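Topology and contacts: notes
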Amino acid sequence: MSANVNTSLPLEYQTEQSRLNILGFWIFLGAEIVLFATLFAVYGVLGERYANGPTPNDIFKLKDVMIETLLLLTSSFTCGLAVFEMRRHHLKGLLTWLIVTLLLGLGFLFMEINEFIHYVHEGATMQTSAFLSSFFVLLGTHGAHVTFGIFWAVMIIIQLIQRGLTPVTARKTFIISLYWHFLDVVWIFIFTFVYLKGMVG
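This report concerns the structure included in the present document. Remember, predicted model here, so these are calculated numbers, not experimental data.

**Things to note about the overall build of the chain**
- For the chain, the helix and strand inventory stands at six helices and zero strands.
- Reading the helices (α) and strands (β) of the chain from amino to carboxyl end gives α-α-α-α-α-α.
- Viewed in the frame of its principal axes, the chain has a C-alpha envelope of about 65 × 30 × 25 Å.
- A buried classification covers 45% of the 201 residues belonging to the chain.
- For the chain, contacts bridging at least 24 residues in sequence account for 80% of all contacts bridging at least 6.
- For the chain, the accessible area works out to roughly 10,400 Å², and carbon and sulfur atoms hold 70% of it.
- For the chain, the separation between the mean place of its 11 positive charges and that of its 12 negative charges on side chains is 11 Å.

**Focus: the nonpolar core**
- Among the nonpolar cores identified, the biggest contains 53 residues, and Phe-60, Tyr-119, Phe-135, Leu-138, Ile-190 and Tyr-195 are the most heavily contacted of them.
- Considering each element in turn, this core owes the most residues, 16 residues, to helix α6 (residues 167-200).

**With respect to the environment of Tyr-43**
- Here Tyr-43 lies in helix α1 (residues 16-46).
- A relative accessible area of 8% places Tyr-43 in the buried class.
- Each residue touching Tyr-43, except ones within four places of it in the same chain, is listed here: Phe-131, Ser-134, Phe-135, Leu-138, Phe-193 and Val-194.

**Topic: the packing of aromatic side chains**
- Across all of its chains, the model carries 25 aromatic pairs by this definition.
- Taking 5.9 Å as the distance between ring centres and 50° as the angle between the ring planes, the aromatic pair formed by Trp-187 and Tyr-195 counts as tilted.

**What to know about a nonpolar patch on the surface**
- Residues Leu-20, Leu-23 and Ile-27 make up a contiguous nonpolar surface patch of about 310 Å² in total accessible area.
- Relative to the helices and strands, Leu-23 is located in helix α1.

**A short note on the packing of helix α5 (residues 130-163) against α6**
- Between α5 and α6, whose axes approach to 10 Å, the crossing angle comes to 160°. As judged from the angle between their axes, α5 and α6 are roughly antiparallel. Taken as a pair, α5 and α6 cross one another with a handedness that is left-handed.
- Split by residue class, the contact of α5 with α6 holds 20 nonpolar, six polar and two charged.

**A word on the pattern of salt bridges**
- Enumeration over the complete set of coordinates arrives at three salt bridges.
- Across the pair Glu-85 and Arg-88 runs a salt bridge whose closest N-O atoms are separated by 3.0 Å.
- Taking the relative accessible area as the measure of exposure, Arg-88 reaches 49% and is therefore partly exposed.

**Some points on the environment of Asn-6**
- Relative to the helices and strands, Asn-6 is located in the segment before α1.
- Taking the C-alpha atoms as reference points, Asn-6 and His-142, separated by 136 residues in sequence, lie 37 Å from one another.

**A few points about the packing of helix α4 (residues 91-121) against α6**
- In the contact formed by α4 and α6, the axes pass within 13 Å of each other and the chain directions differ by 30°. The angle between α4 and α6 places the two elements in the roughly parallel class. Relative to α6, α4 is oriented so that their crossing is left-handed. Each of Leu-94, Leu-98, Thr-101, Gly-105, Phe-108, Glu-112, Glu-115 and Tyr-119 in α4 lies in contact with α6, whose residues at this interface are Thr-173, Trp-180, Trp-187 and Tyr-195.
- Tallied by class, residues from the contact of α4 with α6 come to seven nonpolar, three polar and two charged.

**Things to note about unusual backbone geometry**
- Of note in the backbone geometry, Asn-52 takes a positive phi value of approximately 65° without being a glycine.
- Following the sequence through the fold, Asn-52 ends up in the loop between α1 and α2 (56-59).

Cut-off values and rules
- Residues numbered from 1 in each chain as written.
- Predicted model: local features only at pLDDT ≥ 70, side-chain atom pairs only at ≥ 80, totals over all residues.
- Heavy atoms only, no water.
- Helix = DSSP H or I, 4+ residues; strand = E, 2+ residues; numbered from the N terminus.
- Buried < 20%, exposed > 50% of the residue type's maximum accessible area, 1.4 Å probe, protein only.
- Contact = heavy atoms within 4.5 Å.
- Areas by Shrake-Rupley, 256 points an atom, 1.4 Å probe, with all protein chains shown as cover.
- Lys, Arg positive; Asp, Glu negative; His and termini not counted.
- Charge placed at Lys NZ, Arg CZ, Asp CG, Glu CD.
- Core = buried A, V, L, I, M, F, W, Y, C linked by side-chain atoms within 4.5 Å.
- Phe/Tyr/Trp six-rings, centres within 6.5 Å; stacked < 30°, edge-to-face > 60°.
- Patch = residues over 30% accessible without salt bridge, like charges linked within 9 Å, V, L, I, M, F, W, Y side chains within 5 Å.
- Salt bridge = Lys/Arg side-chain N within 4 Å of Asp/Glu carboxyl O.
- Axes fitted to C-alpha atoms, helices over the stretch in contact; angles between N-to-C directions.
- Parallel < 35°, antiparallel > 145°, perpendicular 65-115°, else oblique.
- Left-handed = near helix turned anticlockwise from the far one by under 90°.
- Nonpolar A, V, L, I, M, F, W, Y, C, P; charged D, E, K, R; others polar.

Right under this line is the structure:
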């Protein structure tokens, strides 16, 4: 079995199974890119159909959006630190930065839920206009992915505590880090093409 382990590679790439799993996850992310590209395309078509309802300038709160962005982008940085600690074989540091990443992710979700509640109080619901329908579907899909990522990372943290740092737990940690960075990239596009474009327009 040890002959199948290449210790010259980073821990998460040391077994062939891990390398295949990571490749498979990159392919999965390709499918996720298609999903979000479709949602962005729908928003691009419907994003200015307000049907006499609220416009982006009426409801978007730049301060709250900036806080959400700061939380999520910072979580991407701390997720990178977690992988850095993993490659140093420093389990305590890995767990610390993973937990910080999750707390930042929870903060993002809290802000986003409050944002949605604010919109509803302003009379901006999915039924109000095509703009709001496409907006809520796009952001809701991203938020659902973040929620899933948090639960997924919690399960990996539990495995790390129980089993320690092995090629298998390292591979799982690396894959969740790829997923988390992907969600941050999607948010950058949301921030740019939904919020900034909406408020400038």
